Amino acid sequence: MATVGQIIFFTLVTLNVLLAAFIILILTLAFSKSTSKVVSSNTKPVANLGEDQILSCYVSAESQPNRLGEVSVSWEKTDLGTVYRYENRAPALDGQASAFKGRAQVFPDAVAIGNASLLLRSVRSSDEGEYTCTIRSSVAHGTVSIQLRTAVFSVPTLKFSNSILTSEASSWFPKPDVTWLNQTGNELNANTSFTERSPGIYSLLSTLQSAKVSETYSCRIENSLVVAVTEATISGSGVLGRTFFTFSVASTQLVSFYLNIITSVLCMFYVV
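Note that the coordinates shown come from a computational prediction; the quantities given were computed from them, not determined experimentally. (Residues numbered from 1 in each chain as written. Predicted model: local features only at pLDDT ≥ 70, side-chain atom pairs only at ≥ 80, totals over all residues. Heavy atoms only, no water.)

Visitor: Now, about the overall build of the protein: what can you tell me, with residues and values included?
Guide: When helices and strands are counted, the protein shows 2 helices and 22 strands. Looking at the 272 residues of the protein, the share that counts as buried comes to 38%. Within the protein, residue pairs in contact and separated by at least 24 positions form 53% of the contacts whose partners lie at least 6 positions apart. Working note: accessible area of the protein is about 15300 Å², and carbon and sulfur atoms make up 56% of it. (Helix = DSSP H or I, 4+ residues; strand = E, 2+ residues; numbered from the N terminus. Buried < 20%, exposed > 50% of the residue type's maximum accessible area, 1.4 Å probe, protein only. Contact = heavy atoms within 4.5 Å. Areas by Shrake-Rupley, 256 points an atom, 1.4 Å probe, with all protein chains shown as cover.)

Visitor: Can you lay out the confidence of the model for the protein for me, pointing to particular residues and giving the numbers?
Guide: Summing up the model confidence of the protein, the mean pLDDT is 83 and the portion of residues at 70 or higher is 76%. Confidence drops under pLDDT 50 across residues 23-36; counting only partners more than four residues distant or on other chains, this segment forms 4 contacts. Taken together, the stretch residues 251-272 has pLDDT below 50 and engages in 51 contacts with residues farther than four places along the chain or on a different chain. (pLDDT = per-residue confidence, 0-100.)

Visitor: Let's hear about the sheet that holds strand β13 (residues 164-172): which residues, and what values?
Guide: Reading across the sheet, the 4 strands line up as β12-β13-β17-β16 and stay open at both edges, with antiparallel pairing between neighbours. Both outer strands of the open sheet, β12 (157-161) and β16 (191-198), are each paired with one neighbouring strand and no more. Looking at each pair of strands side by side, their axes are set apart by 15° on average, direction ignored. Of the pairings in the sheet, the one linking β16 to strand β17 (residues 201-208) comprises 7 bridges and is antiparallel in character. When the bridges of β17 are listed, Thr195 appears paired with Ser203. (Pairing = 2+ DSSP bridges. Axes fitted to C-alpha atoms, helices over the stretch in contact; angles between N-to-C directions.)

Visitor: Kindly report on the state of the cysteines, identifying the contributing residues and their values.
Guide: Here a disulfide denotes a covalent bond joining the sulfur atom of one cysteine to the sulfur atom of another. Summed over the entire model, instances satisfying the criterion amount to 1 disulfide. Between the sulfur atoms of Cys57 and its disulfide partner Cys133 the distance amounts to 2.0 Å. Disulfide Cys57-Cys133: the torsion about the S-S bond is -75°, which places it as left-handed. Taken together, the residues span a long stretch of sequence, with Cys57 in the loop between β3 (53-55) and β4 (58-59) and Cys133 in strand β10 (residues 129-136) at a distance of 76 residues. According to the relative accessible area criterion, Cys133 is buried, its value standing at 0%. (Disulfide = S-S within 2.5 Å.)

Visitor: Explain unusual backbone geometry residue by residue, including any values.
Guide: Residue Pro174 is reached from Phe173 by a cis peptide bond, and omega for that bond is -10°. Tracing the chain through its elements places Pro174 in the loop between β13 and β14 (177-181). Despite not being glycine, Ser163 has its phi angle at roughly 65°, a positive value. Its relative accessible area of 36% is what places Ser163 among the partly exposed residues.

Visitor: How would you sum up the pairing of β14? Please name residues and give values.
Guide: Across the two faces of β14 the burial differs, with Val178 and Trp180 buried and Asp177, Thr179 and Leu181 not buried at all. Bridge count for β14 against strand β18 (residues 216-222) is 5 bridges, and the pairing is antiparallel. Note on β18: the bridge partner recorded for Trp180 is Cys219. In this sheet, strand β15 (residues 187-188) lies alongside β14 in antiparallel orientation, the contact comprising 2 bridges. The residue of β15 that forms the bridge with Trp180 is Leu188. In this antiparallel pair of consecutive strands, β14 and β15, the connection spans 5 residues, and Gly185 shows a positive phi of 90°.

So, in structure tokens, the structure goes:
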């Protein structure tokens, strides 16, 4: 039979466990309400230098009302400070980092319905780094971090003549590797040359010998950030090609490395 002291001891332990569980529940609910509202469709985008880039930031659909009322948006870059701010239905650009003047904007109509995505024009290598997007309103608020990476990549052009299939790309950075495959997935022997057009940026010319009419070949151009796979089908009058881009995603605690298709750029061209 348990003594009075043992009963008191077990009662106190039980109360402590229940109290701890209650506190954890309250903190979990509070945390989810305050931080799970704002998300990004791509937290590790790869931008093509010199081109425009959208950095995605929006209120998640499950927590988003039709309109958010008065909304304020703040974009910051870790090493430079303010990239762009939007308050009281207008840009608020006092204190904006000089590197982003005239190069950054949000879209007011989109902001009103919870989309604070940032348009960054003419991306530079110095734009690479960590950004934070914060959305605040009376019904939703939160912050999401985005790691922007930069590269240079271009769609290759194809030519076919005298049983020789060539793939030529004007600019790539970092310097890529090139692989040719036949339609059954076997690697083929090919010759590839590189020309450094500017520091670190390369053009390439890759040549596949003994290519056959009516066959389909794949030219894979790949570096640490970008993979371009061009499927080339040879006809009697030229080459029909299409190119798909995929972009690497940095490792996490759960996945060491994987490729995520952020966008598939389908480029159709016909060479006579």
